[in-house]
Structure formats: structure tokens, C-alpha cells
Amino acid sequence: MVDVWKVVHAERASLVAFLERVPDERWATPSPCEGWTVHDVVAHLVDCARTDTWHLAKGLARARFDLDRQNQQGLEHEKGTPAETLQRLREVVPLTKTPPVKLETRLVEAFAHGEDVRRPLGGRGEYPADAMNAALGYLVGASTKIGGGRQRVEGLRVEAPDTGFAHGAGPTVTGPASSLLLVLSGRRAGLDELEGDGTEVLAAR
């Protein structure tokens with residue numbers, strides 16, 4: 001069993017340490033999360049860390065039950081100067097709030113957005129293999145309608161040799177776990193690190 005909150009807290013602290021070395025002007029760098037800068041992603045992570053059931057319900061009502069609008073409004077609320085947003089991220093490191101979703105989604109959120117921040121700035125995260133596999137296991141079983149990747153991997157075998165993850169049968173897609181996680185989450189970032197005869201099919205989806 002993965003201690004989800006221990007891993008999430010460690011990832012938040014690691015991201016704080018990474019961002020402390022990033023100049024303010026680089027916070028405006030576009031991220032792999034379409035339409036968002038690195039700064040937007042960090043503000044979103046702060047908002048996510050503060051979100052419980054009540055917070056989500058209020059936010060959705062304010063956004064007229066449009067989840068994309070709710071996410072945008074949430075990040076705008078938490079976004080200040082780079083220094084202010086970084087301080088807010090420091091403050092939420094130990095929080096254990098979550099909306100009413102499977103706990104593995106907190107791993108997906110932390111890892112995917114961690115890469116959204118680090119990769120365009122020349123960095124990479126280091127994630128525990130068992131926790132990464134739990135995140136990938138959630139993605140291959142969850143519908144794309146709720147942020148999963150089940151439809152993307154139908155009829156394919158996906159493998160991450162660095163963590164020992166493997167799922168499915170059919171044409172193979174192989175690559176680093178963090179790149180696979182990004183692609184299964186709907187990002188094109190990471191596709192160039194995947195290989196195998198199923199890669200074109202996955203990319204097209």
C-alpha cells in the first residue's frame with residue numbers, strides 16, 4: 001500500500017525547493033498543460049491542495065458547474081507574484097484536503113503538474129516507483145471524461161521499465177513512467193520519449 005499523503009507532501013516540498021531556484025521571469029514559461037504557464041500550474045496546485053468537498057462545491061457553483069472555469073477561477077485566486085505564489089505553495093505542503101475522488105488522483109495531480117512545472121524549465125521530478133505505478137494504474141482504469149486515460153490505451157500494452165509498470169495487451173508503447181503518465185493524462189509532452197509499435201495509435205488518441 002502506498003502512503004499517498006506522505007508521497008504528496010514530499011513532492012510538494014521538492015517542488016518548492018526546485019522553484020526557489022527559478023528566476024521570476026521564467027515563471028511565465030508555457031507549460032505542457034495547454035494554455036497555462038508554469039506560474040498558472042503552481043497556483044493551480046495551491047488551489048488543489050486547499051480543495052475539499054465544500055471548497056469544490058462552492059467553486060463549481062461560482063463557475064456555473066463548468067470544471068474548466070472552476071479550475072481557472074481557483075488558480076487566479078491563488079496567483080500573486082511568483083514570490084507570493086511560492087509562499088502559498090510552502091504553506092499548503094502538509095495539507096491533506098481532497099475532494100470526493102479516489103486518493104490515487106492526488107498522486108496523478110502531484111506528478112503530472114510537477115512535470116508541467118519542471119520540464120519546460122529543464123528539470124525532472126523523482127517519484128517513488130510504487131506511487132508512480134499506483135498513479136498509472138488509476139489512469140489506465142479511469143475514463144478520459146474524469147481525467148483518466150482508459151480510452152487512450154484500449155487495445156494497447158503500455159510499459160514503463162523504470163518502475164516495472166505494465167498494462168494491457170496489443171501493440172506496445174514503452175517509455176519512462178513520468179512521460180507515460182503525462183501522455184495518459186492528455187498531454188503531448190512526453191510522446192517523444194515513448195517508443196513501440198503502438199506509439200502512433202496512442203499519439204493519435
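Residues numbered from 1 in each chain as written. Predicted model: local features only at pLDDT ≥ 70, side-chain atom pairs only at ≥ 80, totals over all residues. Heavy atoms only, no water.

Further remarks concern the pattern of salt bridges. What the rule picks out here adds up to 10 salt bridges. Lys-79 is the salt-bridge partner of Asp-40, the closest N and O atoms lying 2.7 Å from each other. Highlighted residues: Asp-40 in helix 2 (residues 38-50) and Lys-79 in the loop between helix 4 (67-78) and helix 5 (82-92), separated in sequence by 39 residues. With a shortest N-O distance of 3.9 Å, Glu-91 and Arg-50 are connected by a salt bridge. One end of the pair, Glu-91, is in helix 5; the other, Arg-50, is in helix 2, with 41 residues separating them in the sequence. On the basis of relative accessible area, Glu-91 is assigned to the partly exposed category, the value being 45%. (Salt bridge = Lys/Arg side-chain N within 4 Å of Asp/Glu carboxyl O. Helix = DSSP H or I, 4+ residues; strand = E, 2+ residues; numbered from the N terminus. Buried < 20%, exposed > 50% of the residue type's maximum accessible area, 1.4 Å probe, protein only.)

Here we come to the pairing of strand 2 (residues 165-168). Bridge count between strand 1 (residues 157-160) and strand 2: four bridges; the pairing is antiparallel. If you follow Val-158 over to strand 2, its bridge partner there is His-167. The turn linking strand 1 back onto strand 2 is made up of four residues, and Gly-164 within it adopts a positive phi angle of 80°. (Pairing = 2+ DSSP bridges.)

Our focus in this paragraph is the pairing of strand 1. Within a regular strand, the side chains alternate between the two sheet faces. Side-chain alternation along strand 1 places Val-158 and Ala-160 on a buried face and Arg-157 and Glu-159 on a face that remains uncovered. Taken together, the three bridges between strand 1 and strand 3 (residues 172-174) define a ladder with parallel strand orientation. Residue pairing for strand 3: Glu-159 is matched across the bridge by Thr-174.

Let us look at the packing of aromatic side chains. For the coordinates displayed, the defined rule picks out one aromatic pair. Note on Phe-111 and Tyr-127: the rings are 4.6 Å apart at their centroids and 40° apart in plane angle, and the pair reads as tilted. Here Phe-111, found in helix 6 (residues 104-118), pairs with Tyr-127, found in the loop between helix 6 and helix 7 (129-141); they are 16 residues apart in sequence, far enough to count as distant. Look at Phe-111 and you get buried, because its relative accessible area is 1%. If you follow Arg-118 out to its NZ or CZ, it ends over the ring of Phe-18, 5.9 Å from the centre. (Phe/Tyr/Trp six-rings, centres within 6.5 Å; stacked < 30°, edge-to-face > 60°. Lys NZ or Arg CZ within 6 Å of the ring centre and 35° of its normal.)

Okay, the packing of helix 2 against helix 6 next. Viewed as axis vectors pointing N to C, helix 2 and helix 6 meet at an angle of 160°, and their least axial separation amounts to 9 Å. Judged by the inter-axis angle, helix 2 sits roughly antiparallel to helix 6. The two elements helix 2 and helix 6 cross, and the hand of that crossing is left-handed. Mapping the contact onto sequence places Val-38, Val-41, Val-42, His-44, Leu-45 and Cys-48 in helix 2 and Glu-109, His-113, Asp-116 and Val-117 in helix 6. Grouping the amino acids of the contact of helix 2 with helix 6 by side-chain chemistry returns six nonpolar, two polar and two charged. (Axes fitted to C-alpha atoms, helices over the stretch in contact; angles between N-to-C directions. Parallel < 35°, antiparallel > 145°, perpendicular 65-115°, else oblique. Left-handed = near helix turned anticlockwise from the far one by under 90°. Contact = heavy atoms within 4.5 Å. Nonpolar A, V, L, I, M, F, W, Y, C, P; charged D, E, K, R; others polar.)

Direction vectors running N to C along helix 7 and helix 9 (residues 177-184) enclose 25°, while the axes themselves pass 10 Å from each other. One way to sum up the angle between helix 7 and helix 9 is to call them roughly parallel. When the axes of helix 7 and helix 9 are compared, the crossing they make is left-handed. Mapping the contact onto sequence places Met-132, Ala-135, Leu-136, Leu-139 and Val-140 in helix 7 and Ala-177, Ser-178, Leu-180, Leu-181 and Leu-184 in helix 9. For the contact of helix 7 with helix 9, the per-class residue count stands at nine nonpolar, one polar and no charged.

To continue, consider the environment of Lys-97. For Lys-97, the location among the structural elements is in the loop between helix 5 and helix 6. For Lys-97, a relative accessible area of 36% gives the class partly exposed. If we ignore the near neighbours within four places in the chain, the residues touching Lys-97 are Trp-5, Ala-49, Arg-50, Thr-51 and Asp-52.

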